[in-house]
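Observations on chain architecture
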Amino acid sequence: MFDTFRARAEAVSAEVHRVGGSAETLLFVEELLRREGVVDTPGARAVWAAGPLVTRANASGLASRVPGLTFDVTREAAAASRVGISEMEWGLADTGTVVQDATDPALRLVSTLPEIHVALLPASRILPGLADVLPRLDPGRVPYIAFVTGPSRTADIERVLTIGVHGPSRLVVVVHDGDEAGPELKAELKAEVAP
């Protein structure tokens, strides 16, 4: 299913990378931040909405090794950042879409204000399509669900396609292997496969 997801995501201008478990994921993101020139200067910073992959020790170590990276998500921090990082709950293979419980405003800030959105997705959470994710979504518990397919784009200005007008101009999806979903998602996965 990963190959289909990657093909569809890349067809809508997303960048897709496959890495190993949590350690490899964190290393990949750290190297990506360095390649993108993240430094402690407005407009060149990075902001990370920490999720199950990032422990307090990981966050502290990452922030010390990458000047300009913060885990303190505010509107100001997101607006002054070039890169925003967040974890996604699902991927849809048929469209290359990533899906996130974006009820927490921090997740919306890091995925919409910076120029580059890095979306971290467990490979085990890639589903065939929309019909497969809808039964798993409970609007009563999760009132704000984000579906992201490629970088922001619009063609409503003289029908000319423009990238990055209403959000990030780049979407980098990092699909990681292993059971790195954290306790809540692990319990949900276990319930899904139980008879």
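First things first, this report covers the structure right here in the doc. Residue numbers restart at each chain and count upward from 1, following the sequence in its written direction. Where local features are concerned, this predicted model is filtered to residues with pLDDT of at least 70; where side-chain atom pairs are given and counted, the filter is 80 or more; whole-chain, interface and lining totals use all residues. With hydrogens and water stripped out, all remaining heavy atoms of the structure feed into the side-chain values.

With their axes 11 Å apart at the nearest point, helix H2 (residues 22–35) and helix H3 (residues 56–65) run at an angle of 25 degrees to one another. As judged from the angle between their axes, H2 and H3 are roughly parallel. When you trace H2 past H3, the crossing you get is right-handed. Counted together, Leu 26, Glu 30 and Arg 34 of H2 and Asn 58, Leu 62 and Arg 65 of H3 form the full contact between these two elements. Grouping the amino acids of the contact of H2 with H3 by side-chain chemistry returns two nonpolar, one polar and three charged. Fitted lines through C-alpha atoms give the axes, limited to the stretch in contact for helices. The angle between two N-to-C directions lies from 0 to 180 degrees. Runs of E in the DSSP output that reach at least two residues are strands. Runs of H or I that reach at least four are helices, and both are numbered from the N terminus. The labels follow the angle: roughly parallel below 35 degrees, roughly antiparallel above 145, roughly perpendicular from 65 to 115, and oblique for the rest. A crossing counts as left-handed when the near helix is turned anticlockwise from the far one by less than a right angle, and as right-handed when that turn is clockwise. We call two residues in contact whenever any of their non-hydrogen atoms come within 4.5 Å of each other. Basically, the charged four are Asp, Glu, Lys and Arg, the nonpolar ten are Ala, Val, Leu, Ile, Met, Phe, Trp, Tyr, Cys and Pro, and anything else, Gly included, counts as polar.

A word on the pattern of salt bridges. Any carboxyl oxygen of Asp or Glu within 4 Å of a side-chain nitrogen of Lys or Arg constitutes a salt bridge here. Tallying each qualifying case throughout the model produces nine salt bridges. Its salt-bridge partner being Glu 30, residue Arg 65 comes within 3.0 Å of it at the nearest N-O pair. Of this pair, Arg 65 sits in helix H3 while Glu 30 is found in helix H2, placing the two residues 35 residues apart along the sequence. On the basis of relative accessibility, which here comes to 43%, the residue Arg 65 falls in the partly exposed class. Relative accessible area decides the class of each residue, using a 1.4 Å probe on protein chains only: under 20% of the type maximum gives buried, over 50% gives exposed, and in between gives partly exposed. Residue classification places Glu 30 among the buried residues on the basis of a relative accessible area of 7%. What you see here is one network of salt bridges that share partners, running through Glu 15, Glu 36, Arg 82, Glu 115 and Arg 170.

As for its placement among the helices and strands, Val 29 is situated in helix H2. Judged by its relative accessible area of 1%, Val 29 is buried. Sequence separation between Val 29 and Ile 85 is 56 residues, and the spatial gap between their C-alpha atoms is 8.7 Å.

Moving on to the sheet that holds strand E7 (residues 116–122). Pairing between two strands is assigned when DSSP locates at least 2 bridges connecting them. Pairing within the open sheet is parallel, and its six strands lie in the order E1-E12-E7-E4-E2-E3. Both outer strands of the open sheet, strand E1 (15–19) and strand E3 (69–70), are each paired with one neighbouring strand and no more. Two strands pair when backbone bridges link them, and E1 and strand E12 (residues 170–176) are joined in this way by five bridges, in the parallel orientation. Its bridge partner lying in E12, Arg 18 is registered against Val 175.

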